[in-house]
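Reading the structure
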Amino acid sequence: MLDVERIRNDFPILSRTVHGKPLAYLDNAATSHKPRAVIQALSEYYETYNSNVHRGVHSLSMEATDRYEEAREKVARFINAGAPESIIWTRNATESINLVARSWGESNISEGDEIVLTRLEHHSNLVPWQRVAAKKGAVLKFLDLTEDGRLDLDGADSVINTKTKLLAVTHVSNALGTVVPVKELAGMARSVGAAVLVDGAQSVPHQPVDVEELDCDFLAISGHKMMGPTGIGALYARRDVLEQMEPFLYGGEMVLEVSYEGASWNDLPMRFEAGTPNIAGAIGLGAAVDYLAGLGMENVREHEKQLTAYALDGLRGLEEIDLFGPWDVDSRGGILSFYSSDVHPHDLGTFLDQEGVAIRTGHHCAMPLMGALGVPATARASLYVYNTEQEVDTLVDALKRALRYFGDGASAAR
Ligand code: PMP
């Protein structure tokens, strides 16, 4: 069992108030807070060894290079990637997916090929594939959902067929919390020779993720959702696949030899890292990985499962809301998305903010999914390892008051 009060002490921001109330931060799917160790790693870099990486022969540059490359090794170990060369630094999960779409997709996907996604995808794992499909004459196919927001595996083996070139799926839905059975789907994709990309933006921060076990070719990682700084993400890609891929961006660092007429490419991973990278960000993400590994990802997942069960119980009592996604906590992450026809989610979010409760409202970058659910938007509370039952109580109490307030207003207006 994790000592959550001790964990909370590591996050300076959690002790602040909002509108005079203690902050209950339940917007972790949008971005997570950073422990002191991450903040210190950033300031230590700028205060004591700020320097550019790889190019320098002086001590500061070598120190920066060592720390930057150590961070890559930490991320590789965290997801069982084997070689650190399989980790490419990017700005965020979105850029990781775009890198694959441009460098792998445009060379490996041809007319008539099929790309299989789920109906849950975040725009980041939908729009890049729409662009590849439009450019190459390929077709997008979607794995459907059951009534309660699980993946409908019944039809999956016909959607994934010999025309499938790529399966690109989210691991955990940011909009509904659904945990997608990636391993099972990857097995189907493998049996027809398709490549597999996993959008790990909402899974890597919250549960153990092992790329060997998932048997994926690509995993997109978001640094800022896993206690790291903003502006840093990573792409895991199988080394032999990366070796075959065309660079994504061209310029300094990614080249070996350059003449006025042409250039040759550097070794992995630098081949995919043109220009000065986010050095501080990568080192900060390394510190975040140390912190999470110290907690133990099994423990993080267990805490969130218990808290999700507690939140589901609390929200179940509110008749005015429809709660989306699976009800059993083994099939969902700590994301609770709901809608009430009495009140627009934005009004709900504004009301809760007055109570110190931070949630997200909107389409969560999953507009087609909102359409499929028949709602314009949802209110979404999303949990992390530092959240407590008390914060969930604050959410449920504030929600009750909000629903009463808007419900009465709505009926008075009718
Ligand atoms: N995929 C999913 C499932 C997400 O939740 C998000 C962030 N909301 C992204 C991709 C994009 O992540 P990033 O902000 O790192 O680009």
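The structure this text deals with has already been given above.
An account of the accompanying structure is given in this report. Numbers given to residues run from 1 along each chain, matching the order in which its sequence is written. Since the coordinates come from a predicted model, pLDDT governs what is reported: local features require at least 70, and pairs of side-chain atoms require 80 or more to be given and counted, while whole-chain, interface and lining totals use all residues. Based on all heavy atoms of the structure, the side-chain values leave hydrogens and waters out of the count.

The helix count covers DSSP runs of H or I at least four residues long, the strand count covers runs of E at least two residues long, and both are numbered beginning at the N terminus. Along the backbone of the protein chain there are 14 helices and 17 strands. The reference for a compact globule is 2.2 Å times residues^0.38; the radius of gyration itself is calculated from the C-alpha atoms. Relative to its length of 414 residues, the protein chain is compact, with a C-alpha radius of gyration of 22 Å against a globular reference of 22 Å. Taken across its 414 residues, the protein chain has 56% of its residues classed as buried. For the protein chain, the share of sequence-separated contacts (at least 6 apart) that also reach a separation of at least 24 residues comes to 71%. Think of it in three bands: with a 1.4 Å probe and only protein chains considered, a residue is buried below 20% of the maximum accessible area for its type, exposed above 50%, and partly exposed in between. Contact definition: two residues touch when any of their heavy atoms are within 4.5 Å.

Right, let's talk about the side chain of N174 for a bit. When you line up the elements, N174 lands in the loop between β7 (164-170) and α7 (182-191). On the accessibility criterion, N174 (7% relative accessible area) is buried. Counting of polar contacts relies on pairs of N or O atoms within 3.5 Å, with two restrictions inside protein: one atom must be capable of donating a hydrogen and the other of accepting it, and residues adjacent in sequence are counted only when both atoms are side-chain atoms. At a separation of 2.9 Å, a polar atom in the side chain of N174 contacts the main-chain carbonyl oxygen of H364. Ignoring anything within four residues of it in the chain, the contact list for N174 reads H122, Q202, I335, H364 and R380.

For the rest of this paragraph, the subject is the pattern of salt bridges. Any Lys or Arg side-chain nitrogen found within 4 Å of a carboxyl oxygen on Asp or Glu counts as a salt bridge. Evaluated as defined, the whole model comprises 25 salt bridges. The network of salt bridges with common partners includes R190, D215, D217, R238 and D240.

Quick look at the site of the ligand now. The immediate surroundings of the ligand are formed by 13 residues, with T94, D199, Q202, S222 and K225 found nearest. Between the ligand and D199 there is a distance of 2.5 Å, counted from a nitrogen atom to a side-chain nitrogen or oxygen. Here Q202 contributes a side-chain N or O atom positioned 2.7 Å from an oxygen atom of the ligand. Protein chains shield 89% of the accessible area of the ligand, which is 400 Å² for the free molecule. Partitioning the shell around the ligand into residue classes produces two nonpolar, nine polar and two charged. One heavy atom suffices: a residue is near a molecule or strand as soon as one of its heavy atoms comes within 4 Å of it. Per-residue and other accessible areas follow the Shrake-Rupley method at a 1.4 Å probe size, with only the shown protein chains counted as cover for residues. Residue type decides the class: Asp, Glu, Lys and Arg count as charged, Ala, Val, Leu, Ile, Met, Phe, Trp, Tyr, Cys and Pro as nonpolar, and the leftover types, Gly among them, as polar.

Right, let's talk about the sheet that holds strand β6 (residues 139-143) for a bit. Pairing between two strands is assigned when DSSP locates at least 2 bridges connecting them. A sheet is described by the order of its strands in space; here seven strands give the open sequence β4-β10-β9-β8-β7-β5-β6, paired in mixed fashion. This sheet does not close on itself; its edge strands, each paired only once, are β4 (87-90) and β6. Sheet twist, expressed as the mean angle between neighbouring strand axes with direction ignored, is 20°. Judged from the four bridges that link them, β4 and strand β10 (residues 233-237) form a sheet pairing that is antiparallel. Across the sheet, residue I88 finds its bridge partner in β10, namely L235. Axes here mean lines fitted to C-alpha atoms, for a helix over just the part in contact, with angles spanning 0 to 180 degrees between N-to-C directions.

Most of strand β17 (residues 378-382) sits inside the fold, with five of its five residues counted as buried. Pairing analysis gives four bridges linking strand β14 (residues 335-339) to β17, with the strands arranged antiparallel. The residue bridging S337 from the neighbouring strand is R380, located in β17.

This paragraph deals with empty space enclosed by the protein. Gaps left between atoms show up when a probe the size of a water molecule is rolled over them. Points on a 1 Å grid, built from protein atoms alone, make a cavity when a 1.4 Å probe fits but cannot get out and make a pocket when they are open with protein on both sides within 12 Å along at least 5 of 7 lines; residues with an atom within 4 Å of a point are the lining residues. Grid points are joined across faces, edges and corners, and a volume is the space filled by probe spheres set on the points. Under the counting rule described, the total for this entry stands at one cavity of 30 Å³ or more. Volume-wise, the largest cavity comes out at about 50 Å³. Along its surface, the largest cavity is lined by A29, V172, Q202, H206, E304, G333, G334, I335, S382 and L383. Here the residues of the lining of the largest cavity sort into four nonpolar, five polar and one charged.

In a helix, the anticipated span is given by 1.5 Å times the number of residues less one. For helix α11 (residues 297-316), built from 20 residues, the straight-helix expectation of 28 Å at 1.5 Å per residue is met to within 8% by its first-to-last C-alpha distance of 28 Å. If you check which residues of α11 are buried, you get M297, V300, R301, H303, E304, K305, L307, T308, A311, L312 and L315.

On to the sheet that holds strand β13 (residues 322-323). Spatial strand order, β13-β14-β17-β16: four strands in an open sheet with antiparallel pairing. Two strands close off the open sheet at either side, each with one partner strand: β13 and β16 (360-362). Sheet contacts for α11: β13 and β14; angle to β14, the most-contacted strand, approximately 15°. This element, helix α12 (residues 345-354), spans β14, β16 and β17 of the sheet and lies at about 160° to β16.

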